[in-house]
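# Overview (structure and organization)
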Amino acid sequence: MSFATALNRLLVIRSQSIVPVRFTSLSASLRQRSSDEILLEKVNNKGVITLNRPKARNAINHDMVIRLHKQLKVWEDDPSVSMVIFKGAGEKMFCAGGDVRELSEHALRDHQDEASCNFLINEYNSQYTIATYRKPLIVLVNGYALGAGCAIAANAAFSVATENAVMSMPEAAIGFYPDNGGSHFLSHLPGALGMYLGLTCAQVIGEDTCKIGLTTHYTTAFNGEFNKLEEELLTLADPSTERVAGILSKYHKKCATDQPMSLQPHLSRLNRIFRLDSVEQIMQALREDNSDWAQEALSSISSKSPTLLKVIHRMLREASSLNFSQCIAMEFRIGRNILHNHDSDFSKGVKAVLVKKTAKAEWNPSNIEEVNAELVESHFLSSLNEFQPEVK
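Along each chain, the written sequence defines residue order, and numbers are assigned to residues from 1. At least 70 in pLDDT is required for a residue's local features to be given in this predicted model, at least 80 for side-chain atom pairs to be given and counted, and no such filter applies to totals for whole chains, interfaces and linings, which use all residues. Only hydrogens and water are set aside; all other atoms, that is, all heavy atoms of the structure, feed into the side-chain values.

### Structural notes on unusual backbone geometry
Apart from glycine, the bulk of residues carry a negative phi angle, and the bulk of peptide bonds sit in the trans form. With an omega dihedral of 0 degrees, the bond running from Asn 364 to Pro 365 counts as a cis peptide bond. Its location among the elements puts Pro 365 in the loop between α17 (345-355) and α18 (373-378). One non-glycine residue, Asn 44, lies in the positive phi region at around 55 degrees. Per the convention used, a helix needs a DSSP run of H or I reaching at least four residues, while a strand needs a run of E reaching at least two, with both numbered from the N terminus. Locating Asn 44 in the fold gives a position in the loop between β1 (38-43) and β2 (46-51). Unlike most non-glycine residues, Asn 58 shows phi in positive territory, near 60 degrees.

What follows is the structure, given as structure tokens:
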């Protein structure tokens, strides 16, 4: 992605209305734990955020979300901080996403629906702050970036991937949906790539993340180029948007290749199939396509929650004509309705995939034909507690 494209993405998102800032306070007993799990440092005149839960693959829990959002706002208003770098601790790991087990546990406890919804509110506000940040914010991805981790990189004005980057929005596998602004950036990827990624949960690897548009720049971890890039950013005297873009482009030009992305041979049929008007039509078209790619995509879709497949399909089609804040508001409606249903496919998916680790949830309904329009519509219903935009 060129500097002009990255800058345009930032300007378009900043021009949109801004979601409300609503913080949930941390208890004193949790502050030390969360301070260890997310490191917030000031190096020279730059803010450096490091997700530091390597044993949990740097998954972001609610306490971390609150601290992250608060610090981003402080640095944004601090004239002594000129830019922010966002990275993950550990070997080849940026962030495995939001802590969905914590989210599910909140939802399943009696009278804890609001706690789980507050998780979403704070998480979505953090993502919106990242997407609309008024200073250069660079996300460094040298490993797995899944779910919320993928969203952090995709929503930021600048994001750099290496050959070790693995990005995905895998929520459908646990009966959830691509959130944290996922409806916006997926629906704005070229062709039908966003629908394909949202329904199959396919992983995008290495330089492909930049060619597709999930990241803005590419470099390599080989010969220490990735570390050199970070060092050059940290020592940059006047990190204006243009100067930051110039450094990123220098490393990108040095390391990027002219090779087509791995999906290129399938792109024509992918765009044709995943633009179809229903999940049933998509699955039927994949069945009729004898290619290995189509059969692999069909197998992946068939393992996902039938209900959430239809919800995701509708969400991404609607999101293509919405701005960022409208997309997050829609995502919150879907999330709130899922979390209020203690027998949802989300609770089944978390138990099967993350707790029992069977990867075989008992979805209800169990097949796509049984998912009616009323069930899909129930995920999009408004409530008295809408996610209303506010002005900064």
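### Topic: the pairing of β1
Along any regular strand the residues' side chains alternate between the sheet's two faces. Two strands make a pair as long as DSSP finds a minimum of two bridges between them. Relative to β2, β1 runs antiparallel, the two sharing six bridges. The residue of β2 that forms the bridge with Lys 42 is Gly 47. Between β1 and β2, which follow one another and run antiparallel, lie two residues, and Asn 44 among them has a positive phi close to 55 degrees.

### Quick word on the sheet that holds strand β9 (residues 204-205)
One key point about sheets: their strands pair by backbone hydrogen bonds, in either a parallel or an antiparallel sense. Spatially, four strands are ordered β4-β6-β8-β9 in an open sheet, and the strand pairing comes out mixed. Looking at which strands have only one partner, the edges of the open sheet turn out to be β4 (93-95) and β9. In this structure, β4 lies alongside strand β6 (residues 144-146), joined through two bridges in parallel fashion. Bridging from a neighbouring strand, Met 93 pairs with Tyr 144 of β6. Helix α6 (residues 148-155) contacts β4, β6 and β8 (166-168) of the sheet and is inclined by roughly 95 degrees relative to β6. What makes two residues a contact is simply this: any of their non-hydrogen atoms within 4.5 Å. Only the stretch in contact is used when a helix axis is fitted, and all axes are lines through C-alpha atoms; the angle between N-to-C directions ranges over 0 to 180 degrees.

### Re the sheet that holds β2
Pairing within the open sheet is mixed, and its six strands lie in the order β1-β2-β3-β5-β7-β10. Either end of the sheet is taken by a strand with one partner, and the two such strands are β1 and β10 (217-218). Relative to strand β3 (residues 83-88), β2 runs parallel, the two sharing six bridges. Opposite Thr 50, over in β3, you have Lys 87 as the bridge partner.

### Considering helix α11 (residues 241-255)
The span expected for a helix works out to 1.5 Å for each residue beyond the first. An ideal rise of 1.5 Å per residue puts 21 Å on 15 residues; α11 measures up with 21 Å between its terminal C-alpha atoms. Each residue is placed in one exposure class: buried if its accessible area under a 1.4 Å probe, protein chains only, is under 20% of its type's maximum, exposed if it is over 50%, and partly exposed if it falls in between. For α11, the set of buried residues is Thr 241, Val 244, Ala 245, Ile 247, Leu 248, Ser 249, Tyr 251, His 252 and Cys 255.

### Describing the packing of helix α8 (residues 193-200) against helix α14 (residues 292-302)
Packing of α8 against α14 brings their axes to within 8 Å, and their N-to-C directions diverge by 50 degrees. Our classification of the angle between α8 and α14 gives oblique. Contacts between α8 and α14 involve Tyr 196, Leu 199 and Thr 200 on the former and, on the latter, Trp 293, Ala 297, Ser 300 and Ile 301. Of the residues belonging to the contact of α8 with α14, the class tally is five nonpolar, two polar and no charged. Oblique is the label for every angle not falling under 35 degrees (roughly parallel), over 145 degrees (roughly antiparallel), or within 65 to 115 degrees (roughly perpendicular). Note on residue categories: nonpolar means Ala, Val, Leu, Ile, Met, Phe, Trp, Tyr, Cys or Pro, charged means Asp, Glu, Lys or Arg, and polar means any other residue, Gly included.

### Points about the nonpolar core
Working definition of a nonpolar core: buried Ala, Val, Leu, Ile, Met, Phe, Trp, Tyr and Cys residues. They are joined through side-chain atoms within 4.5 Å. Membership of the largest hydrophobic core comes to 92 residues, with the highest contact counts inside it found for Phe 86, Val 139, Tyr 177, Tyr 196, Phe 274, Leu 286 and Trp 293. Beyond its immediate sequence surroundings of up to four residues, Phe 274 is in contact with Ala 192, Met 195, Tyr 196, Leu 199, Thr 200, Ile 282, Leu 286, Trp 293 and Ile 301. By size, the runner-up hydrophobic cluster in this structure holds 18 residues, among which are Phe 226, Leu 233, Leu 236 and Tyr 251.

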